[in-house]
Amino acid sequence: MSNSFGYNTRQAKIHGLSVQVGELFANLYRDFGPEIPGSHSYHALEAYKSLRRLLPIEYPYDNSTSRHIGSSAAHKATQGVMR
């Protein structure tokens, strides 16, 4: 299975959903505060993490930490940084 969104539409859909849920988390966190267990922002963060775990890991060519594919865009979404 290829780890390119161009060849794997399922991974592309999961990534797209994770970005949307990341944006939702950022909005909920901004409007309602920290992700206290049971809060809306907590559940959104857990959904985001669950979606990200469905994606394969990219192995870097250097000694940096391995990340799930599409991690940069997904992380920006959780920080409220729009594309």
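Residues numbered from 1 in each chain as written. Predicted model: local features only at pLDDT ≥ 70, side-chain atom pairs only at ≥ 80, totals over all residues. Heavy atoms only, no water.

**Some points on the overall build of the protein chain**
Working step 1: Per the secondary structure count, the protein chain includes three helices and two strands.
Working step 2: The N-to-C order of helical and strand elements in the protein chain reads α-α-β-β-α.
Working step 3: A burial count over the protein chain gives 29% of its 83 residues as buried.
Working step 4: Excluding contacts between residues fewer than 6 apart, the proportion of contacts in the protein chain whose partners are at least 24 apart in sequence is 48%.
Working step 5: Total accessible area on the protein chain stands at roughly 5,900 Å², and carbon and sulfur atoms take up 55% of it. (Helix = DSSP H or I, 4+ residues; strand = E, 2+ residues; numbered from the N terminus. Buried < 20%, exposed > 50% of the residue type's maximum accessible area, 1.4 Å probe, protein only. Contact = heavy atoms within 4.5 Å. Areas by Shrake-Rupley, 256 points an atom, 1.4 Å probe, with all protein chains shown as cover.)

**What about the confidence of the model for the protein chain?**
Working step 1: Per-chain confidence: the protein chain averages 80 in pLDDT, with 81% of residues scoring 70 or above.
Working step 2: Mean pLDDT values over the elements of the protein chain span from 70, in strand 2 (residues 67-68), up to 91, in helix 2 (residues 40-53). (pLDDT = per-residue confidence, 0-100.)

**Some remarks on the nonpolar core**
Working step 1: The biggest cluster of nonpolar side chains holds twelve residues, and these are Ile-14, Val-19, Val-21, Phe-25, Leu-28, Ala-44, Leu-45, Tyr-48, Leu-51, Leu-55, Ala-74 and Ala-77.
Working step 2: Considering each element in turn, this core owes the most residues, five residues, to helix 1 (residues 9-32).
Working step 3: Those residues in contact with Val-21, other than ones at most four positions away along the chain, are Ala-44, Ala-47, Tyr-48 and Leu-51. (Core = buried A, V, L, I, M, F, W, Y, C linked by side-chain atoms within 4.5 Å.)

**As for helix 1**
Working step 1: Here helix 1 spans 34 Å end to end across 24 residues, near enough to the 34 Å set by a 1.5 Å rise per residue.
Working step 2: Within helix 1, burial applies to Gln-11, Ile-14, His-15, Ser-18, Val-19, Val-21, Gly-22, Glu-23, Phe-25, Ala-26 and Leu-28.
Working step 3: Looking at the packing, one finds that the buried side of helix 1 touches helix 2 and helix 3 (71-78).
Working step 4: The backbone nitrogen of Arg-10 lies 3.1 Å from a side-chain oxygen of the residue at the head of helix 1, namely Asn-8. (Expected span 1.5 Å × (residues − 1). Polar contact = N/O pair within 3.5 Å; in protein donor to acceptor, adjacent residues only side chain to side chain.)

**Notes on the pattern of salt bridges**
Working step 1: With the rule as written, the count across this model stands at two salt bridges.
Working step 2: For Glu-46, the salt bridge goes to Lys-49, with nearest N and O atoms at 3.0 Å. Taken together, the residues Glu-46 and Lys-49, both in helix 2 and three residues apart, mark about one turn of the helix.
Working step 3: With relative accessibility at 26%, the residue Glu-46 sits in the partly exposed group. (Salt bridge = Lys/Arg side-chain N within 4 Å of Asp/Glu carboxyl O.)

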